[in-house]
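Topology and contacts: notes
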Amino acid sequence: MNKKSILALIPTRLNSRRLPAKALLPINNLPLIMHVYRRTKLSKKVDEVYVCCDDSKIAKVVKKFGGTSVGDDDRIKRVARRVKQTVNQGHQVVVVVSARSGVTNELIARAKAIQKAPSDREMDVLMTCGEQETIALLCMALDSLDIPAVSRTGWQAGIITEGLHGKARIREVTGGDIRKQLRAGNVVVLAGFQGVNE
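Analysis parameters
- Sequence order as written defines residue numbering, which begins from 1 separately in each chain.
- Where totals are concerned, whole chains, interfaces and linings use all residues; where local detail is concerned, this predicted model gives features only for residues with pLDDT of at least 70, and gives and counts side-chain atom pairs only at 80 or more.
- Think of the side-chain values as coming from all heavy atoms in the structure, minus any hydrogens and water.
- Burial here depends on accessible area, computed with a 1.4 Å probe over protein chains only, as a share of the maximum for the residue type. Under 20% is buried, over 50% is exposed, and the range in between is partly exposed.
- Starting at the N terminus, helices and strands are each numbered in turn, a helix being any DSSP run of H or I of at least four residues and a strand any DSSP run of E of at least two.
- Comment: arc refers to directions from the helix axis out to C-beta atoms.
- Here pLDDT means the predictor's own confidence in every residue, given as a number from 0 to 100.
- Side-chain atoms alone can form a polar contact between residues adjacent in sequence; in general such a contact is a pair of N or O atoms within 3.5 Å, and within protein one must be able to donate a hydrogen while the other accepts it.
- Any two residues whose heavy atoms approach within 4.5 Å are treated as being in contact.
- Residues grouped as a nonpolar core are buried Ala, Val, Leu, Ile, Met, Phe, Trp, Tyr and Cys residues, joined through side-chain atoms within 4.5 Å.
- Being paired, for any two strands, means DSSP has found at least two bridges between them.
- Between N-to-C directions, angles span 0 to 180 degrees; the directions come from axes that are lines fitted to C-alpha atoms, helices contributing only their stretch in contact.
- Each angle gets one of four labels, with under 35 degrees taken as roughly parallel, over 145 as roughly antiparallel, 65 to 115 as roughly perpendicular, and the rest as oblique.
- What makes a crossing left-handed is the near helix being turned counterclockwise from the far one by less than a right angle; a clockwise turn instead makes it right-handed.
- Charged means Asp, Glu, Lys or Arg here, nonpolar means Ala, Val, Leu, Ile, Met, Phe, Trp, Tyr, Cys or Pro, and polar covers whatever is left, Gly included.

All right, on to helix H1 (residues 32–41) then. Along H1, the residues classified as buried are Ile33, Met34 and Tyr37. Looking straight down H1, one finds its buried side chains confined to an arc of 100 degrees; they lie on one side.

The subject of this paragraph is unusual backbone geometry. In this structure, Asp146 takes a positive phi of about 65 degrees despite not being glycine. Its place among the elements puts Asp146 in the loop between helix H5 (120–144) and strand S7 (149–152).

With that settled, consider the confidence of the model for the chain. Overall, the predicted model of the chain reaches an average pLDDT of 80, with 80% of residues at or above 70. The least confident element of the chain, judged by mean pLDDT, is strand S5 (residues 61–65) at 59; the most confident is S7 at 95.

A few words now on the side chain of Asn186. Assignment of secondary structure puts Asn186 in the loop between helix H6 (178–183) and strand S10 (187–191). By relative accessible area, which is 17% here, Asn186 ends up buried. In this structure the side chain of Asn186 is engaged in a polar contact, spanning 2.7 Å, whose partner is the side chain of Gln181. Excluding residues within four positions of it along the chain, Asn186 makes contact with Val93, Pro148, Ala149, Val150 and Gln181.

Grouped together as the largest cluster of nonpolar side chains are 17 residues, with contacts concentrated most on Val83, Val95, Val97, Leu138, Leu142, Val187 and Val189. Contributions of two or more residues to this core are made by helix H3 (73–88), strand S6 (93–97), H5 and S10. Among the elements that take part in this core, H5 stands out by supplying five residues, more than any other. Contact partners of Val189, with chain neighbours within four places excluded, come to Val95, Val97, Ile135, Leu138, Cys139, Leu142, Ala149, Val150, Ser151 and Arg152.

This part covers the pairing of S6. In regular strands, side chains alternate between the two faces of the sheet. By the criterion of burial, S6 is predominantly enclosed, with five of the five residues buried. What you see with S6 is no split at all: Val93, Val95 and Val97 on one side and Val94 and Val96 on the other are buried throughout. Note: S6 against S10, four bridges, orientation parallel. Paired with Val95 across the bridge in S10 is Val189.

Of note, Gly130 is situated in helix H5. Judged by relative accessible area, Gly130 falls into the buried class, the value being 2%. Between the C-alpha atom of Gly130 and that of Ala191, which follows or precedes it by 61 residues, the distance is 9.0 Å. The residues touching Gly130, leaving out its near neighbours within four places in the chain, are Ala99, Val103 and Leu107.

The next subject is the environment of Ile76. By secondary structure assignment, the location of Ile76 is in helix H3. You can call Ile76 buried: its relative accessible area is 3%. When the C-alpha positions of Ile76 and Leu142 are compared, they lie 9.4 Å apart, and in sequence the two are 66 residues distant. Apart from the residues within four sequence positions on either side, Ile76 is in contact with Ser69, Val70, Arg100, Leu137, Leu138 and Ala141.

Below, the discussion takes up the packing of H3 against H5. Axis separation between H3 and H5 bottoms out at 9 Å; the angle between their running directions is 55 degrees. As the angle between them shows, H3 and H5 are arranged oblique. Between H3 and H5 lies a crossing of right-handed hand. In this structure, H3 contributes Ile76, Lys77, Val79, Ala80 and Val83 to the contact, and H5 contributes Leu137, Leu138, Ala141 and Leu142. Among the residues making up the contact of H3 with H5, the classes are represented as eight nonpolar, no polar and one charged.

Written out as structure tokens, the structure is:
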């Protein structure tokens, strides 16, 4: 018997009567809807999460694909096809991706094979490699589907963090040139878990 997929649908109205634009209210530098989306994704019983919205302000879709979603070439191509469907529906898309499944653990193991206690700074530098591989490969996959895409690292997207290596928190998000790229018709593929301090 085939396992049935469980989908979570989050209905989102921009102009609710009680609190207009509630979904876009910033909480710790993220819109409320992103907090709801992330918490829903944590459920072990849910296979897919979709935000159902009624306004283009919310429809500037931000999709988060974790490591298992981009674990190999076929999965990256599958993500690209899903992004293409969203673009073809008329949405502007920012895709946030992680490193491929297992890459982060492999990098940590390699670092510890070189030095038992590597510095937090150099570990941060090393950890960016996994996400940067994924953003480049996903842009290539989108390009092969005739979807224009540009990759951006955390610092290029203006993600400003505290100066604590290994445990920095986001202080500010300026966005870099993301809005300009969206207006130009590009999908922006953003590396997750990255930022830069001043």
